[in-house]
Amino acid sequence: MMEVRLAAMTRAVLAAVALAAPSMTWGSGQWTALGPRGGTVELVAVDPFDPNTVVIERSGLRVSTDGGDSWPATGVVTDVPYIERMFYDPVREDMLWAVPVSDDRLYRSGDGGRSWEEVPLVGCVWQPQIRGLGVGPTASDPLYVGGIWIDGKQNDGGVVCASTDAGASWSTVFLPPEHVYSVCVDPNDGVTAYVGMD
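A. Representation of the nonpolar core in the model. Counting 17 residues, the largest nonpolar core has Trp 97, Leu 106, Leu 121, Ile 130, Leu 133, Val 145 and Trp 170 as its most contacted members. Among the secondary structure elements, those contributing two or more residues to this core are β9 (96-100), β12 (129-135), β13 (143-150) and β14 (156-163). One finds Val 63, Ala 98, Tyr 107 and Trp 116 within the second-largest nonpolar core, a separate group that totals 12 residues.

Here it is as structure tokens:
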């Protein structure tokens, strides 16, 4: 049985540090700029099975297989729209989940971000503007998608849908009146989802 716990959270904001120099000390650690040069890096994801594989969003997805030392042109992925949210699946090797800036589609990669396919939210009562993704620590744990639904008649609200088969089918597990902006799964039990709303 799936359990959804609500968390009274506002949207979390993560601050990115723009490094002006190739290497600098900040706090107690050493920071090194890895590139690629030119443009803004919007997202970073590190493969939990191979920490040398790094995927970034910078005018398309780019893949480095040597810990960010090089970003070959062959690693540029162009068959998926501009990505706003992305994370590696913690239990399914080489699988990434991503949501484009349009917020209305979910994409899955089974080869570490080199190719992508759209994942229809079959069974989700509304096709939401996706704002949050969450997955548990084992393969049997649900994948959660949370967001905002709008029916075209000035009605809207939040929705959380869950899949227990890696996105092949979905069920609606929560329909709050508030908009859903984030979803996080408890790593200790894998099924409790914390939902951030406005």
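Next, the rest of the story.
B. Local environment of the pairing of strand β16 (residues 180-185). Relative to strand β17 (residues 192-197), β16 is paired through 5 bridges, and the arrangement is antiparallel. Along β17, the bridge assignment pairs Cys 184 with Tyr 194. Between β16 and β17, which pair antiparallel one after the other, the connecting turn spans 6 residues, and Gly 190 there sits at a positive phi close to 80°.

C. Fine view of the environment of Ser 182. Considering the arrangement of structural elements, one finds Ser 182 in strand β16. Taking the C-alpha atoms as reference, Ser 182 lies 4.9 Å from Gly 196; in sequence the two are 14 residues apart. Beyond its immediate chain neighbours, meaning those up to four positions away, Ser 182 contacts Arg 131, Gly 132, Tyr 194, Val 195 and Gly 196.

D. A look at the environment of Trp 97. Along the chain, the position of Trp 97 falls in strand β9. For the pair Trp 97 and Glu 118, spaced 21 residues apart in sequence, the C-alpha to C-alpha distance is 9.9 Å. In this structure the side chain of Trp 97 is engaged in a polar contact, spanning 3.1 Å, whose partner is the side chain of Asp 89.

E. How the structure looks around the confidence of the model for the protein. A residue-level look at the protein finds 80% of positions with pLDDT of 70 or above and a mean pLDDT of 77. Strand β1 (residues 3-7) is the least confidently modelled element of the protein, averaging 40 in pLDDT, while strand β15 (residues 171-174) averages 92, the highest of any element. Every residue in residues 1-22 scores below 50 in pLDDT, and together they form 39 contacts with partners more than four places removed in sequence or on other chains.

F. Fine view of the sheet that holds β15. Spatially, 4 strands are ordered β12-β13-β14-β15 in an open sheet, and the strand pairing comes out antiparallel. Two strands bound the open sheet, and with one partner strand each, they are β12 and β15. Recorded for the sheet is a direction-independent mean angle of 30° between the axes of neighbouring strands. Examined bridge by bridge, β14 and β15 share 3 bridges and lie antiparallel to one another. Residue pairing in the sheet places Val 160 in a bridge with Phe 174 of β15.

What counts, and where the lines are drawn
- Residues numbered from 1 in each chain as written.
- Predicted model: local features only at pLDDT ≥ 70, side-chain atom pairs only at ≥ 80, totals over all residues.
- Heavy atoms only, no water.
- Core = buried A, V, L, I, M, F, W, Y, C linked by side-chain atoms within 4.5 Å.
- Buried < 20%, exposed > 50% of the residue type's maximum accessible area, 1.4 Å probe, protein only.
- Helix = DSSP H or I, 4+ residues; strand = E, 2+ residues; numbered from the N terminus.
- Pairing = 2+ DSSP bridges.
- Contact = heavy atoms within 4.5 Å.
- Polar contact = N/O pair within 3.5 Å; in protein donor to acceptor, adjacent residues only side chain to side chain.
- pLDDT = per-residue confidence, 0-100.
- Axes fitted to C-alpha atoms, helices over the stretch in contact; angles between N-to-C directions.

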